[in-house]
Amino acid sequence: MSTALPATMTEATYALTVALLLVAPMAIAGVALLNTGLGRSRSAAQSLLGSLLILATTVLVFAIVGICWTGHAAHSGGSFELAKKSWDWIGLEPVLMRGVAFDAMTTRAPMAAMLEIFGVALAAIIPWGSGADRWRLVSACTASAVSAGWIFPLFTHWIGGSGWLAQLGANFGLGSGFLDSAGAANVHILGGLTALCVVWIVGPRRGKFPKEGISTAIPGHQVVYVLLGCLLSLVGWMAWNAAAAVVVLGEPLTAIFSVVLNTLLCASTSIMATFFITQARFSKPDASLCANGWMAGLVASSACAALVTPGTAILIGCVAGVITPLLVELFELGLSLDDPSGAISVHGAVGIWGLIAVGLLGRLDGSATRGGQFLAQIIGITALLGLILPMTYFFFWIMNKVIPFRVDEDGERIGMDLHELGGGAYPEFVMHRDEFHR
Amino acid sequence: MRCLLAESVRRASCVAQEPGTKRLFLLGIEVARKVTRIWNRMRFAGFFLMVAGFFLNVAALVLLQTMALRYLFVICGFAVVFVGLGIVQRSHTIAARASHR
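Residues numbered from 1 in each chain as written. Chains lettered and ligands numbered in written order. Predicted model: local features only at pLDDT ≥ 70, side-chain atom pairs only at ≥ 80, totals over all residues. Heavy atoms only, no water.

Colleague: An account of the overall build of chain A is needed here, citing residue identities and associated values.
Modeller: Summing up its helical and strand segments, chain A has 16 helices and two strands in all. Across the 438 residues of chain A, 60% fall into the buried class. Here chain A carries 21 positive and 25 negative side-chain charges, and the mean point of each set is 6 Å from the other. (Helix = DSSP H or I, 4+ residues; strand = E, 2+ residues; numbered from the N terminus. Buried < 20%, exposed > 50% of the residue type's maximum accessible area, 1.4 Å probe, protein only. Lys, Arg positive; Asp, Glu negative; His and termini not counted. Charge placed at Lys NZ, Arg CZ, Asp CG, Glu CD.)

Right, here's the structure in full:
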């Protein structure tokens, strides 16, 4: 959030933004449904319950301590001087959101705080799909608490307000500083990188990479959930992007139409590109890969929806749709990464593409140069990959020693529903013999 | 990785009963152990490179004044981060393929 933004807004803007904010959690519901559909039927209840518990954990932890390190508009946090410039690296606010004036009408800060709460929940639910069928509920909630209490707030502070990445423009003449339209960096890429750490630590599902031959395909159990999740996500994403444009970038209400249009164009082009790619490669379109393409378009729009023209949004969505199925295949077959929901490619890699696209094709303000803006985006991505990813892995690696992430072999064989919850998601369905065979 | 080591030990104990081959297979076990250590070292070397790439970017911002030099160093830092990511991923790929769950 730029410090130059006024602290208050008109009543009409305030009312409309509140309405948009109330619709934004549909994106979380969509991702949760998608994660459940892409997992196995024997883990479906655990997957959806896990999404709820992760949401609850992250909201609580973020509201109690995370908000301290995030800070919010017009408040500078802990900083140090280097090369005669101020490097604001951490927020210093009171615990339990006491620094946010929720009762003050028409102020920007409470809405920014609500967006951050939704963001931290979505960022924590994204890796849950990657650890499907083998990641234990308790360890997932603990990992989410660490993400919500330290990692997400830290990076969110860097890219917002007086954070050092947001101030790259003012301090070093790099465009308008690091630009992120609606949480592509601190929500989606962070979620994708967390998913990568989880996949590294828990390892592949049993039977995924057998000794003989190539990897085994383990298809999602309910494609209807997956596609319904995509539609729910669209509704949430349009509201989220529009609300973020007003709250974070300070766009006027008239910009909402173009933001929503860009979101829709990005997602539509992306799914069409994925459709044709899968049609060309497998002679029939693949439903779950097309769903991934749709989500990739939405993620790319998170980076650029408020910063590009409709034509550019089409181009960005097209590239996202082309690279997504190729990356899913590369990660699975080439790199032996077992990522059932495709979060690493959809949220991580495509989020990075969205941020690069903002540097290459995005709108430039004032005296900002294309080269400077591109450099600011690259520095932001490097901070995510070079500092946040190792930090996340380090925390998770330590936690894995205390609370093992992976379920034992027996639990994986009978399914997470029976092992962790004591009952399946579909009790009236005929179970396969191997689900109970010990 | 543990499975691979256990397999190496099992094979070694079987074949080592044959005269003249014991030393050779003990050497094989030792090599397997060293490979395991190398995988771990690969992972930590990769993470070290990733952090180094980030600090290369910060150093470029702080120490360099001209845009062209900054550009060069920031792109180099980005490349170093990607090399580190590649090394960490490679170490995990080897481990995943070795475990054959």
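There is more to say after this.
Colleague: Just give me the short version of the pattern of salt bridges, but keep the residues and values in it.
Modeller: Residues and elements named next belong to chain A. All told, the structure shown has eight salt bridges over all chains when counted by the stated rule. Between E329 and R281 there is a salt bridge whose closest N-O contact spans 2.5 Å. Of the two residues, E329 is situated in helix α11 (residues 310–334) and R281 in helix α9 (residues 256–282); the sequence distance between them amounts to 48 residues. A residue is classified by how much of its surface remains accessible, and E329, at 25% relative accessible area, is partly exposed. (Salt bridge = Lys/Arg side-chain N within 4 Å of Asp/Glu carboxyl O.)

Colleague: Describe the nonpolar core, and please don't skip the residues or the numbers.
Modeller: General note: in soluble globular proteins, nonpolar side chains tend to be found buried as a group. Residues L165 and W240 of chain A are the most contacted members of the largest nonpolar core, which totals 138 residues. By residue number, the principal contributor to this core is helix α13 (residues 370–402) of chain A, which donates 16 residues. (Core = buried A, V, L, I, M, F, W, Y, C linked by side-chain atoms within 4.5 Å.)

Colleague: Tell me what's going on with a nonpolar patch on the surface, and back it up with residues and numbers.
Modeller: A cluster of nonpolar side chains, namely L60, I64, V65, V95 and L96 of chain A, defines an oily patch on the protein surface of about 410 Å² accessible area. Within the secondary structure layout, L96 of chain A lies in the loop between β2 (85–90) and α4 (109–130). (Patch = residues over 30% accessible without salt bridge, like charges linked within 9 Å, V, L, I, M, F, W, Y side chains within 5 Å. Areas by Shrake-Rupley, 256 points an atom, 1.4 Å probe, with all protein chains shown as cover.)

Colleague: Just give me the short version of the packing of α4 of chain A against helix α7 (residues 184–202) of chain A, but keep the residues and values in it.
Modeller: All names here are of chain A. Direction vectors running N to C along α4 and α7 enclose 30°, while the axes themselves pass 8 Å from each other. On the basis of the axis angle, α4 is roughly parallel to α7. The chirality of how α4 crosses α7 is right-handed. Contacts from G119, L122, A123, I126, P127 and S130 in α4 reach N186, V187, H188, G191, G192, T194, A195, V198 and V199 in α7. Considered class by class, the residues forming the contact of α4 with α7 number eight nonpolar, seven polar and no charged. (Axes fitted to C-alpha atoms, helices over the stretch in contact; angles between N-to-C directions. Parallel < 35°, antiparallel > 145°, perpendicular 65-115°, else oblique. Left-handed = near helix turned anticlockwise from the far one by under 90°. Contact = heavy atoms within 4.5 Å. Nonpolar A, V, L, I, M, F, W, Y, C, P; charged D, E, K, R; others polar.)

Colleague: Talk me through the environment of W87 of chain A; I want residue IDs and the actual numbers.
Modeller: As for its placement among the helices and strands, W87 of chain A is situated in strand β2. Between the alpha carbons of W87 of chain A and L168 of chain A there is a distance of 9.6 Å; along the sequence they are 81 residues apart. Ignoring any residue separated from it by four or fewer positions in sequence, one finds W87 of chain A in contact with G78, S79, F80, L82, W164 and F172 of chain A together with V58, L61 and V62 of chain B. Here the side chain of W87 of chain A touches L82 of chain A through a polar contact of 3.2 Å, landing on its backbone oxygen. (Polar contact = N/O pair within 3.5 Å; in protein donor to acceptor, adjacent residues only side chain to side chain.)

Colleague: So, the confidence of the model for chain B: which residues are in play, and what are the values?
Modeller: Residues and elements named next belong to chain B. Mean pLDDT for chain B: 77, with 58% of residues reaching 70 or above. No element of chain B has a lower mean pLDDT than helix α1 (residues 2–15), at 52, and none a higher one than helix α3 (residues 67–99), at 90. Taken over the whole predicted complex, pTM reads 0.90, whereas the ipTM for its chain interfaces reads 0.90. (pLDDT = per-residue confidence, 0-100.)

Colleague: Run through the packing of aromatic side chains, naming residues and quoting values.
Modeller: Any pair of aromatic rings gets described here by the distance separating the centres and the angle formed by the planes. In total, this model carries 21 aromatic pairs over all chains according to the counting rule given. Consider the rings of F62 of chain A and F152 of chain A, whose centres lie 5.8 Å apart with planes at 75°: the pair is edge-to-face. Here F152 of chain A lies in helix α5 (residues 137–159) and F62 of chain A lies in helix α3 (residues 44–70), a separation of 90 residues in the sequence. Of the two residues, F62 of chain A and F152 of chain A, both sit in the buried class. Centre to centre, the rings of W200 of chain A and F47 of chain B are 6.2 Å apart; their planes meet at 80°, and the pair counts as edge-to-face. (Phe/Tyr/Trp six-rings, centres within 6.5 Å; stacked < 30°, edge-to-face > 60°.)

Colleague: Kindly report on helix α12 (residues 343–361) of chain A, identifying the contributing residues and their values.
Modeller: Helix length check: α12 of chain A (19 residues) gives 25 Å between terminal C-alpha atoms against 27 Å at 1.5 Å per residue, within 8%. The buried fraction of α12 of chain A amounts to 17 of the 19 residues, a majority that puts the element mostly inside the structure. (Expected span 1.5 Å × (residues − 1).)

Colleague: Give me the lowdown on the pairing of β2 of chain A, citing residues and values where you can.
Modeller: All names here are of chain A. With five bridges joining them, strand β1 (residues 78–82) and β2 adopt antiparallel strand pairing. Residue pairing in the sheet places F80 in a bridge with W87 of β2. Counting the residues that bridge the hairpin from β1 to β2 gives two residues, and of these A83 lies at a positive phi of roughly 55°. (Pairing = 2+ DSSP bridges.)

Colleague: So what's going on with the interface of chain A and chain B? Residues and values would help.
Modeller: When the parts come together, some accessible area is lost, and that loss is often what is quoted as the size of the interface. Contacts between the two partners involve 40 residues from chain A and, on the opposite side, 30 residues from chain B. For the chain A and chain B pair, buried surface summed over both sides reaches about 3,000 Å², with 75% attributable to carbon and sulfur atoms. Taken as a group, W200, L375 and T382 of chain A account for 19% of the area that chain A buries against chain B, more than any other trio of residues on that side. Joining chain A to chain B, the criterion identifies zero salt bridges. Viewed at the interface, chain B and chain A are joined by eight residue pairs in polar contact (both at pLDDT 80 or more). No other element matches α13 of chain A, which puts 16 residues into the side of chain A that touches chain B. For the side of chain A that touches chain B, the per-class residue count stands at 28 nonpolar, eight polar and four charged. (Buried area = accessible area lost by both parts, 1.4 Å probe.)

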